[in-house]
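The chain contents come next:
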Amino acid sequence: MVERIFYRYRCGPPSKRSLRRLLPWIRPYSWQLALMLVTALLGTLVGLAVPLIARQVIDGPIAAGDRSALLPLALLAVAFGVAEALLILIRRWATANSSLGMENDLRNDLYRHLQRLPVAFHDKWQSGQLLSRATTDLAIIRRFVGFAAVFIITDTLTFLVIAIMLLVMYWPLGVVTLVSGIPLVIFMLHHERIYKVLARRVQDQTGELTTAVEEAAVGIRIIKSFGRRQMFYDGYDEQARTVRGQQLDKIRTLAKIWSVLDAYPQIVLAVVVLIGSIGVAKGAVTLGTLAAFAALYLAAIWPIAALGWLLANAQDAAAAGDRLMEVLDTPTTIVESERPSRIEHPRGQIRLEGVGFAYHDAPDAPVLRDVNLTIESGETLAVVGATGSGKTTLTALVPRLYDVTAGRITIDGVDVRDLAIADLRTIVATAFEEPTLFSASVRENLTLGRPQATDAEVAEALSVAHAEFVHRLPWGLDTRIGEQGLSLSGGQRQRLALARAILGRPRVLVLDDPLSALDVHTEELVETALRSVLNQTTGLVVAHRASTVLLADRVALMEDGTITATGTHQELLETVPAYREILSQEAELDSDLDPV
Ligand code: ADP
C-alpha cells in the first residue's frame, strides 16, 4: 500500500489532458472516426431491434398460433442481421484506416523530435524507455482511438437506450434493474483507479526491461569476454521477475473485476426473471415482454461490463499519452538562431574564446574551463591529454552537439550559435572514436551527410580513407552493413567513418582519435591519406598516439579541462614534462619520435 501511494506520488496520475493533447494527431482522421461512431451506433440499435421482433413473435404469431405471420417477422430479423454485419464491415475499415494512420503519424513525429533533441537528452534517457514509448505506448494509444474511445460513447448510449426501453416495457422491473447497476459502477470506479496505477507501473518497468535486453545485446562481446554472463543474467532475471510480479498484480485486479462483472449480472437476472414471472402470473406483463426484457437486460450487461474495461483502457492510453508527451515536451536546447548568419566562402578558422562547459547533470563541476585556442584556416591542431581531461567534450562543442556554457566558439569570426545548424554541419564534419554504421548499404552509410554525392566523389573519399575494400565486398557499394548486415572489422569501420566525414568536403574536420582501432599497417595507410586531406582543411584531432600527433601542425596539451601548453610536437616534448609523460603513458614512444 505504502509502495502504491509512493508510486502514485512519483508518477502522478495520468491526466485526461494527455488524451486531449493527442487531438492534433486524431483530427486528420475526423471523418473516418465519425463514420466509425455512426456505424457503431447504428449497429447497436439494429442489434437491439432483434429482441423486440422476438417479443412480437412470442406475443403475436406464437400466442395466436398464426404461422403465416411468422415469415415476415423472420425475414425482418434476417434483414436486420445482414444490416448489422454490413455496418460492422464499414466500422472495421474506418477503424483500421484511422487508428493505424494516426499511430504512424505520431510515431513519425516522435522520431523526428528524437532526432532533433540534443545529445544531452540522449545521455539522460535510456534507449529502452524510448523504444517502449515508440512501440508499446503507441500501440496502446492506437487501441484506444480505434476501439475504446468509440465504444465508450456507443456503450454509454446503448445502455441509456436499453434503460429507457426497460422502463417503458415494465417500469417496476426497469427500476430494479437500473438500481442494481449502482453498486457495480461504484465497484468498477474503485478498481479502475487501482488498475490505472498498476498499468503505469508495468509500462515503466517494461521500459527498464527493454533497456536491459538492448544493453546485453549490444554489449554481448564485452559481457562474454569478461565472463559476466551470469551477472547480467541475474540482473535481467530480477527485472523480469519484477515485471512478472507487477503483471500478476495487474491480472489479479483484472480477474477480480471480471469475476464480479460475470457473476453480479447473473444474480440480477435471476431476480429479474423471478419478479417478471410473478408479473406474468398476475397478468401485469406479457410473456413476450418478459422474454424481450431478459434479452435486452443481457444486451445491457456487455456495455456495463465493457465500460469498466474500456475506461481502464482509457487510463492505459492516458498513461501512455503522458509518457509520450514527456518526450515530445522536452524542448530542443540546441536551438536555431532566429536570424542565422551565413559564411559565403568559409575558410575554416576556428577560435575558442574563454570556452567553458559543464554537463547538465553536474552544472557546478565544469568539464572545460577558460579554453582559448585559435586554429588557423588549413592548420591541424592535435589535442593531447589524460583520459577524462575533456578532449572528447571539446570536439563535441564545435559542431554544436552541445552548446558551450561559457565563452564562445567562432568559425571565421562568426559564433557557431549564429550559423544555421545545417550550414554549420556542412562546414564541420566529424568522425568519432566509435564509428557508428547503420543497417543500410555502404553507399547509404557513406552519403549520410550528403545524399546527393556523385559516384566520383564517393570513390575519391573511399580512396583517401583507404577504404577501397568496399569494392571487394559481395555487392560492392550496395552491400548491406551494420547490425543487420555484413560485419566489418574495427579498422574497416573506422576507414568508412573517415570516408563519410571527408565526403562532405568539409572546411573543418573534427576527429576524435579516428585511428585507434587500426592495425599498424592500415594505420600508416590511413595516416598518409589523412595527411593530404588535412592539408586542405582545418583539423581538430584528438590524439592518443604519438603517430597521430605527427599529423598535426601544432599540439595543445589539455589538463583538467583547460589548455596548459601549445606548440609543435617537438617543442612540447622538449619543454613540457607533462606532455612527455602523457604520450609515454598512452603508448610507448616510437623510437624515431624519441627526443634522445
Ligand atoms: P577525454 O576525452 O579527455 O577522455 P571526456 O571529454 O570524455 O574526456 O570527459 C571529460 C569529463 O566529462 C569526464 O570527467 C567525464 O566523466 C565527463 N563526461 C563525459 N561525457 C559526459 C556526459 N555525457 N555526461 C556527463 N559527464 C560526462
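Okay, so let's go over this structure.

About the thresholds
Residues numbered from 1 in each chain as written. Predicted model: local features only at pLDDT ≥ 70, side-chain atom pairs only at ≥ 80, totals over all residues. Heavy atoms only, no water. Near = heavy atom within 4 Å. Polar contact = N/O pair within 3.5 Å; in protein donor to acceptor, adjacent residues only side chain to side chain. Areas by Shrake-Rupley, 256 points an atom, 1.4 Å probe, with all protein chains shown as cover. Nonpolar A, V, L, I, M, F, W, Y, C, P; charged D, E, K, R; others polar. Helix = DSSP H or I, 4+ residues; strand = E, 2+ residues; numbered from the N terminus. Contact = heavy atoms within 4.5 Å. Pairing = 2+ DSSP bridges. Axes fitted to C-alpha atoms, helices over the stretch in contact; angles between N-to-C directions. Patch = residues over 30% accessible without salt bridge, like charges linked within 9 Å, V, L, I, M, F, W, Y side chains within 5 Å. Salt bridge = Lys/Arg side-chain N within 4 Å of Asp/Glu carboxyl O. Buried < 20%, exposed > 50% of the residue type's maximum accessible area, 1.4 Å probe, protein only. Expected span 1.5 Å × (residues − 1). Bend = angle between axes of the 7 residues up to and from the residue. Core = buried A, V, L, I, M, F, W, Y, C linked by side-chain atoms within 4.5 Å. Phe/Tyr/Trp six-rings, centres within 6.5 Å; stacked < 30°, edge-to-face > 60°. Parallel < 35°, antiparallel > 145°, perpendicular 65-115°, else oblique.

## Things to note about the site of the ligand
In the vicinity of the ligand, 13 residues are found, and the nearest of them are Asp-123, Gly-388, Lys-391, Thr-392 and Thr-393. Residue Ser-389 places a main-chain N or O atom 3.2 Å away from an oxygen atom belonging to the ligand. With respect to the ligand, the side chain of Thr-393 contributes an N or O atom lying 2.4 Å from an oxygen atom. A total of 560 Å² of accessible area belongs to the ligand in isolation, and the protein chains cover 63% of it. Here the residues of the shell around the ligand sort into four nonpolar, six polar and three charged.

## Digging into the environment of Arg-323
In this fold, Arg-323 is placed in helix α11 (residues 287–328). Expressed as a C-alpha distance, the spacing of Arg-323 and Ser-132, which sit 191 residues apart in the sequence, is 9.8 Å. If sequence neighbours within four positions are ignored, Arg-323 has contacts with Gln-129, Ser-132, Arg-133, Asp-137, Arg-200, Gln-203 and Asp-204.

## Concerning the sheet that holds strand β10 (residues 538–542)
As summarised here, the arrangement of the six strands in space is β6-β9-β10-β3-β11-β12, forming an open sheet in which the pairing is mixed. What marks the edges here is a single partner per strand, and that holds for β6 (428–431) and β12 (562–567). Here the strands of the sheet are splayed against their neighbours by 20° on average, with no regard to which way each runs. Docked against the sheet, helix α16 (residues 490–503) engages β6 and β9 (508–512), running at close to 180° with respect to β6.

## A look at a nonpolar patch on the surface
Together, Leu-167, Trp-171, Val-175, Val-179, Ile-182 and Ile-186 line one region of the surface with nonpolar side chains, adding up to about 590 Å² of accessible area. In terms of residues, the nonpolar patch owes the most to one element, helix α8 (residues 171–218), which gives five residues. With respect to the element layout, Ile-186 can be found in helix α8. On the basis of relative accessible area, Ile-186 is assigned to the exposed category, the value being 57%.

## Here's the deal with helix α7 (residues 127–169)
Compared with an ideal rise of 1.5 Å per residue, which puts 43 residues at 63 Å, α7 spans 59 Å between its outermost C-alpha atoms and is within 8% of the ideal. The largest bend in α7 is about 45°, located at Phe-144.

## Examining the sheet that holds strand β4 (residues 406–411)
One open sheet accounts for four strands, arranged β2-β1-β4-β5; its pairing is antiparallel. With partners counted over all chains shown, the strands left at the sheet margins are β2 (368–375) and β5 (414–415), one partner each. Inspection of the sheet shows strand β1 (residues 350–357) paired to β2 by five bridges, in the antiparallel sense. Paired with Ile-350 across the strands is Ile-375, a residue of β2.

## Focus: the environment of Pro-51
You can see Pro-51 is positioned in helix α4 (residues 30–64). Take Pro-51: its relative accessible area is 12%, and that puts it in the buried class. Linking Pro-51 and Ser-377, residues 326 residues apart in sequence, is a C-alpha distance of 87 Å. Residues contacting Pro-51, with those up to four places away along its chain left out, are Ala-292, Ala-295 and Leu-296.

## Describing the pattern of salt bridges
Taken as a whole and judged by the stated rule, the model has 20 salt bridges. Among the ionic pairs, Asp-249 bridges to Arg-201, the shortest N-O distance being 3.6 Å. Of the two residues, Asp-249 sits in helix α10 (residues 229–282) while Arg-201 sits in helix α8, which places them 48 residues apart along the sequence. Given the relative accessible area of 8%, Arg-201 is considered buried. As a salt-bridge pair, Arg-443 and Asp-478 come within 3.8 Å of each other at their nearest N and O atoms. Taken as a pair, Arg-443 in helix α14 (residues 442–446) and Asp-478 in the loop between α15 (455–464) and β8 (480–481) lie far apart in primary sequence, 35 residues in all. For Arg-443, a relative accessible area of 27% gives the class partly exposed. Given a relative accessible area of 51%, Asp-478 falls into the exposed group. Counted as one network, the salt bridges with shared partners bring together Glu-103, Arg-107 and Arg-142.

## Observations concerning the nonpolar core
If you look at the biggest cluster of nonpolar residues, it comprises 37 residues, and the most contacted ones within it are Ile-141, Phe-144 and Val-327. Listing elements by their share of this core, those giving two or more residues are α3 (23–26), α4, α5 (70–116), α7 and α11. At eleven residues, α7 tops the list of elements feeding residues into this core. What Val-327 contacts, discounting residues up to four positions off in sequence, is Leu-110, His-113, Leu-114, Leu-117, Phe-121, Trp-125, Leu-130 and Arg-133. Grouped together as the second largest cluster of nonpolar side chains are 33 residues, Phe-469, Val-470, Ala-499 and Val-541 included.

## Examining the side chain of Thr-395
As for its placement among the helices and strands, Thr-395 is situated in helix α12 (residues 391–397). Among the polar contacts listed, one links the side chain of Thr-395 to the backbone oxygen of Thr-392, at a separation of 2.6 Å. The contacts of Thr-395, once residues within four sequence positions are left out, are Phe-432, Val-510, Leu-540 and Val-542.

## Focus on unusual backbone geometry
Although it is not a glycine, His-466 adopts a positive phi angle of roughly 50°. As for its placement among the helices and strands, His-466 is situated in the loop between α15 and β8. Of note, Asp-560 is a non-glycine position whose phi angle comes to about 50°, a positive value. Take Asp-560: it is sitting in the loop between β11 (554–559) and β12. Judged by relative accessible area, Asp-560 falls into the exposed class, the value being 62%.

## A few points about the packing of aromatic side chains
Tallied over the entire structure, the rule returns six aromatic pairs. Relative to Trp-125, the ring of Phe-121 has its centre 5.2 Å away and its plane inclined at 25°; by these criteria the two rings are stacked. The two residues Phe-121 and Trp-125 agree in class, both being buried. An aromatic cluster is built from Phe-357, Tyr-359 and Tyr-402, whose rings are joined through pairwise contacts.

## What to know about the environment of Ala-318
On the secondary structure map, Ala-318 appears in helix α11. A sequence separation of 174 residues divides Ala-318 from Phe-144, and the C-alpha atoms of the two residues are 9.4 Å apart.

## A closer look at the packing of α7 against α8
The N-to-C vectors of α7 and α8 enclose an angle of 175°; their axes lie 12 Å apart at closest approach. Considering their axes alone, α7 and α8 lie roughly antiparallel with respect to each other. Here α7 contributes Ser-127, Gly-128, Gln-129, Leu-131, Ser-132, Asp-137, Ile-140, Phe-159, Ala-163, Leu-166, Leu-167 and Met-169 to the contact with α8, which in turn contributes Trp-171, Gly-174, Val-175, Thr-177, Leu-178, Gln-203, Asp-204, Gly-207, Glu-208, Thr-210, Thr-211 and Glu-214. Class assignment for the residues of the contact of α7 with α8 results in ten nonpolar, ten polar and four charged.

Remember that the coordinates give geometry; whether it matters functionally is a separate question.
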